[in-house]
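Analysis of the macromolecular model
Residue-level listing of the chains:
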Amino acid sequence: AQTIHQWPVAEIKAVGSPLSLGCTIKGKSSPNLYWYWQATGGTLQQLFYSITVGQVESVVQLNLSASRPKDDQFILSTEKLLLSHSGFYLCAWSWFSAETLYFGSGTRLTVL
Amino acid sequence: GDSVTQTEGLVTLTEGLPVMLNCTYQTIYSNPFLFWYVHYLNESPRLLLKSSTDNKRTEHQGFHATLHKSSSSFHLQKSSAQLSDSALYYCALSPHYGGSGNKLIFGTGTLLSVKP
C-alpha cells in the first residue's frame, strides 16, 4: 500500500527566515507529485507539480520553490518567508494526471 | 479561465435531513473531470466522488452526484445526513485529461455541520 508522509506537522517562523517542507511517498514508483497551499479562508491552490525526478513545474508564483531530488521525495522551500506564506500546505500524489489525488496530512505554517 | 464555484461556505443541517452542496464550474474544454473531495478534521483530504460522464449518477458512501454539462454543475447530494458527515467538502475540476500542468482547480469549499 502507498503511504505519504509529510513533515513537519506545524511550523512557526519569522518573516525573512528560510523554510523547508518535505514529503515522501512510499509504495509507488514514479508518482506525479504536487504541492498545494491553502491560505486561511481560501481555497486549495496548486503550487507545483512534478512528473519525474529533477523536473518541477511551477503553477503559481508565490516566491517559493520546489525540488524533487529523489523519485519518492518532494521538497518545498524558500530562503525568505513572507507573512503571506502563512497557511496550510499539502503534498499529494497521483497515478496519472487528472486522476485521484492522495494527500498527506499537511503542514500548518504560521509566519510572524 | 477555468474555475469552480461553491456558493455555500457553511451548511448547517439537522441529522436525517437531505444534503445538497452546490458546485458549478467553468471551462472551455468539453470533457472535464469533476471531483468531490472531503476533508474531515485531523485527517487528510480524500476523494469522495469523481465523474467525467455527462448525465450519469455516481455514488459512494451514501453520497451521489451527477455531472450535467448542459448546466456545468456537479452537485453533491445525500438523502439523509449523519453526524459523521460533518466535514469540509471541496468540489474540484480537471479541465481535460492529461491537461497541461496536471492542474486540479478547487472550489472554496463548503463546511457541512450536522447537528443532532
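Residues numbered from 1 in each chain as written. Chains lettered and ligands numbered in written order. Predicted model: local features only at pLDDT ≥ 70, side-chain atom pairs only at ≥ 80, totals over all residues. Heavy atoms only, no water.

1. Topic: the pairing of strand E3 (residues 19-26) of chain A
All names here are of chain A. Of all eight residues in E3, six are buried; the element is thus mostly enclosed. Two strands pair when backbone bridges link them, and strand E1 (residues 3-7) and E3 are joined in this way by five bridges, in the antiparallel orientation. By the bridge assignment for E3, Gln 6 is matched with Cys 23. Note that E3 and strand E8 (residues 73-78) share six bridges and pair antiparallel. Counted as the bridge partner of Cys 23 is Phe 74 from E8. (Buried < 20%, exposed > 50% of the residue type's maximum accessible area, 1.4 Å probe, protein only. Helix = DSSP H or I, 4+ residues; strand = E, 2+ residues; numbered from the N terminus. Pairing = 2+ DSSP bridges.)

2. Digging into the pattern of salt bridges
Opposite charge on two side chains makes pairing possible when the charged atoms of those side chains draw close. Residues and elements named next belong to chain B. Using the criterion set out here, one finds four salt bridges over all chains in the structure. The shortest N-O distance in the salt bridge between Glu 59 and Arg 57 comes to 3.0 Å. The residue Asp 85 makes a salt bridge to Lys 78 at a minimum N-O spacing of 2.7 Å. Judged by relative accessible area, which is 4%, Asp 85 ranks as buried. (Salt bridge = Lys/Arg side-chain N within 4 Å of Asp/Glu carboxyl O.)

3. A look at the sheet that holds strand E8 (residues 63-66) of chain B
By way of backbone hydrogen bonds, the strands of a sheet pair with one another, either parallel or antiparallel. Residues and elements named next belong to chain B. Across the sheet, which stays open at both edges, the four strands sit in the order E3-E9-E8-E7 with antiparallel pairing between neighbours. In the strand order of this sheet, the two ends are held by strand E3 (19-21) and strand E7 (57-60), each with one partner. Here the average twist between neighbouring strands, direction ignored, is 20 degrees. Across three bridges, E8 lies against strand E9 (residues 76-78) in antiparallel orientation. Along E9, the bridge assignment pairs Phe 63 with Lys 78. (Axes fitted to C-alpha atoms, helices over the stretch in contact; angles between N-to-C directions.)

4. So, the pairing of strand E6 (residues 55-58) of chain A
Residues and elements named next belong to chain A. As paired strands, strand E5 (residues 44-52) and E6 are joined by three bridges and run antiparallel to one another. Bridge pairing in E6 links Tyr 49 to Glu 57. Counting the residues between successive antiparallel strands, the hairpin from E5 to E6 contains two residues, one of them, Gly 54, with a positive phi of roughly 80 degrees.

5. Observations concerning the interface of chain B and chain A
In many analyses, interface size is given as the accessible surface area lost on bringing the parts together. Across the boundary between the two partners, chain B contributes 21 residues, which contact 22 residues of chain A. Of the roughly 1700 Å² buried where chain B meets chain A, counting both sides, 54% is carbon and sulfur surface. Where chain B meets chain A, there are zero salt bridges. The interface formed by chain B and chain A holds seven residue pairs in polar contact (both at pLDDT 80 or more) in total. Secondary-structure elements contributing two or more residues to the side of chain B that touches chain A are strand E5 (33-39), strand E6 (46-51) and strand E10 (87-94) of chain B. (Contact = heavy atoms within 4.5 Å. Buried area = accessible area lost by both parts, 1.4 Å probe. Polar contact = N/O pair within 3.5 Å; in protein donor to acceptor, adjacent residues only side chain to side chain.)

6. Things to note about the state of the cysteines
Cysteine pairs can be linked by a disulfide, which is a covalent bond between their two sulfur atoms. Residue and element names in this part refer to chain A. Following the criterion strictly, the structure yields two disulfides over all chains and no others. Disulfide pairing is shown between Cys 23 and Cys 91; the S-S distance is 1.9 Å. Of note, the bridge from Cys 23 to Cys 91 carries an S-S torsion of about -75 degrees and is left-handed in sense. Taken together, the residues span a long stretch of sequence, with Cys 23 in strand E3 and Cys 91 in strand E9 (residues 87-94) at a distance of 68 residues. Of the two residues examined, Cys 23 and Cys 91, each falls in the buried class. (Disulfide = S-S within 2.5 Å.)

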